[in-house]
Each structure stands twice: as C-alpha cells, then as structure tokens.
2 protein chains.
Amino acid sequence: MIELDFKKSGGLIPAIAQDYATGEILMLAYMNQEAFEATLSTGNATYYSRSRQALWVKGETSGNVQQVREIRIDCDNDTVLLKVDQIGGAACHTGHRSCFYKLIENGSIRVIGNPLFDPEEVYNR
Amino acid sequence: MIELDFKKSGGLIPAIAQDYATGEILMLAYMNQEAFEATLSTGNATYYSRSRQALWVKGETSGNVQQVREIRIDCDNDTVLLKVDQIGGAACHTGHRSCFYKLIENGSIRVIGNPLFDPEEVYNR
C-alpha cells in the first residue's frame, strides 16, 4: 500500500504528466486517493476535476488518453509524477501539445507553437 | 502585468522546476504572488513555504539555488513551469538530484539513485 499525503492540501495533490519519450511536461492536474488508485489499476491517467468535482479519466471525451509508463512520487509523498504516452499527441484542451504553451518573455506572454486540433471539433460534436 | 489565477486554490499555485538542459523534473513547490514576482525580478526560483509560511528563496540555506532560464505558465494560468539551472546538482533536501526519486513498481516504492550530498552536513552546520 502506497501512502500519499493528501491531508496537507485538503484531499488533493498535484500530479504532473510528462511525456515518457521526450521529457516534455504536458500538464498538471490533481488527484484524490480514488484517482490515484484508478491510475494504478487501469494504467490510464485519471485525475480529479476540481471544476466538475468528479473523477476524470483524461481523454474520455477527446480520446487523448494518457497511457502511464512510469509513476514516481516525491520525497514527502505529496506530488505524483506520471511519465506517459500521450495518445493523439495533444494533452491540452486547447489543442496544444502541452498546456505550458505560454512563455513569459520581457514581462508579457508569448504563445509557443500551434494547436494540433481544433477544440470546437473535438469537444462540441 | 501577468495575471495568474491564485484564487482557485487559496492563494498558492504549484510551480514545477525542470532542469533546463535535460528536461528532468526536479521538484514541485508553491508560489504566491510575491514569490512569483520575486522569481521574475531576481532570476532565482523563489517559492512560498507552506510549512514555514514564508517566502523561500530555493537554496538560501544549502546554496543550491535555481537560476531560472525560462518561465512558462499553463493554459488556465494556475500553474508555473520554471526551466532552471540547478546549482550544486541537487534540488531535493534529501540530497537527491530530483525530489522524484521514488519509483512505484509492482505496488511498492523503489528508491532510484543516490543522494549527491549528505543533508546533515548541508543543513545542520
């Protein structure tokens, strides 16, 4: 049994999804105990959606699931790192490969790269 | 002015530190507005310590500061990604290069790698 420290932050801990092959950071989301266990048992990244207040199998709508290749936890057991294969190529709901597509440069934001899909087509079918 | 969304999680947002050269994820800590601004203005990763409830210039005790090479934020402005040069080689207070040195394997934890320094020597001088 792996004991994570969910208490420090009110039941949810951050989980980083990193591309297994390239090391690119794809996104950060949150997990409760149930999401962590679902991730372990299914092999697909499963988070807890703070906005919907429900378990969230990443890619359940878009098809862009994350197949987990490796799971690490940090020194004090309050952060999860998933190394994943990102199916469909894009992790972000905006269609960008990574959610971290905004670079801070000289005090303002510059968008890096282009979306790989059109969110309207994927989510509003 | 860059507006981050600190409200969603009570004033603190997660910040991931990633090795600029290798892509290795070094640690995750938290930032408030002041920590974010200090990071921008000084170029050294500055977090907010939840345990000490104070601004925390990473490396102020150990000397293992993080020189920020690139800052990104995510799609909904509630997570920061710092790409850093990790001075001294180790980001973790345990002496490990990365805080994510615990691999989950067959339902248990296996420690990966060895500490680069002895925490007793660094923190209890």
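Residues numbered from 1 in each chain as written. Chains lettered and ligands numbered in written order. Predicted model: local features only at pLDDT ≥ 70, side-chain atom pairs only at ≥ 80, totals over all residues. Heavy atoms only, no water.

(A) Seen up close, the overall build of chain A. What chain A contains, in helices and strands, is 2 helices and 8 strands. Helices and strands appear in chain A in the N-to-C order β-β-α-β-β-β-β-β-β-α. Compactness check: chain A gives a C-alpha radius of gyration of 15 Å against a globular reference of 14 Å for 125 residues, within 12% of the reference. Its C-alpha atoms put chain A at 40 × 40 × 30 Å along the principal axes. Counting only residues that meet the buried cut, chain A has 53% of its 125 residues in that class. Expressed as a percentage of contacts within chain A between residues at least 6 apart in sequence, the contacts between residues at least 24 apart total 42%. Here chain A displays about 5900 Å² of accessible surface, and carbon together with sulfur accounts for 47% of that area. (Helix = DSSP H or I, 4+ residues; strand = E, 2+ residues; numbered from the N terminus. Rg over C-alpha atoms; globule rule 2.2 N^0.38 Å. Buried < 20%, exposed > 50% of the residue type's maximum accessible area, 1.4 Å probe, protein only. Contact = heavy atoms within 4.5 Å. Areas by Shrake-Rupley, 256 points an atom, 1.4 Å probe, with all protein chains shown as cover.)

(B) Quick peek at the relation of the copies chain A and chain B. With an RMSD of 0.0 Å, the fit of chain A onto chain B corresponds to turning through 180° and sliding 0.0 Å along the axis. Overall, the copies show the geometry of a two-fold rotation axis. The rotation axis passes nearest to the C-alpha of Gly23 of chain A in chain A, at a distance of 2.7 Å. (Least-squares fit on C-alpha atoms with pLDDT ≥ 70 in both.)

(C) Representation of the sheet that holds strand β7 (residues 102-105) of chain B within the structure. Taken in spatial order, the 6 strands make up an open sheet running β2(A)-β1(A)-β6(A)-β5(A)-β7(B)-β8(B), and their pairing is mixed. Lying at the two open borders of the sheet, with one neighbouring strand each, are β2 (25-31) of chain A together with β8 (108-111) of chain B. Neighbour to neighbour, the strand axes of the sheet diverge by 35° on average, direction disregarded. Alignment of strand β1 (residues 13-19) of chain A against strand β6 (residues 80-86) of chain A, held across 5 bridges, turns out to be parallel. By the bridge assignment for β6 of chain A, Ile16 of chain A is matched with Leu81 of chain A. (Pairing = 2+ DSSP bridges. Axes fitted to C-alpha atoms, helices over the stretch in contact; angles between N-to-C directions.)

(D) Highlighting the nonpolar core. Val80 of chain A together with Val80 of chain B are the most contacted members of the largest nonpolar core, which has 68 residues in total. Excluding residues within four positions of it along the chain, Val80 of chain B makes contact with Phe100 of chain A together with Leu4, Ile13, Pro14, Ala15, Ile16, Met31, Phe36, Ile71, Arg72 and Ile73 of chain B. (Core = buried A, V, L, I, M, F, W, Y, C linked by side-chain atoms within 4.5 Å.)

(E) Helix α1 (residues 33-42) of chain A, seen in detail. Turning to α1 of chain A, its buried residues are Ala35, Phe36, Ala38 and Thr39 of chain A. Taken down its axis, α1 of chain A places every buried residue within 165° of arc, on the same side. The secondary structure elements touched by the buried residues of α1 of chain A are β2, β3 (46-49), β4 (54-57), β5 (66-73) and β6 of chain A together with β7 of chain B. A positive backbone phi angle near 80° is found at Gly43 of chain A, which sits one or two residues after α1 of chain A. (Arc of directions from axis to C-beta.)

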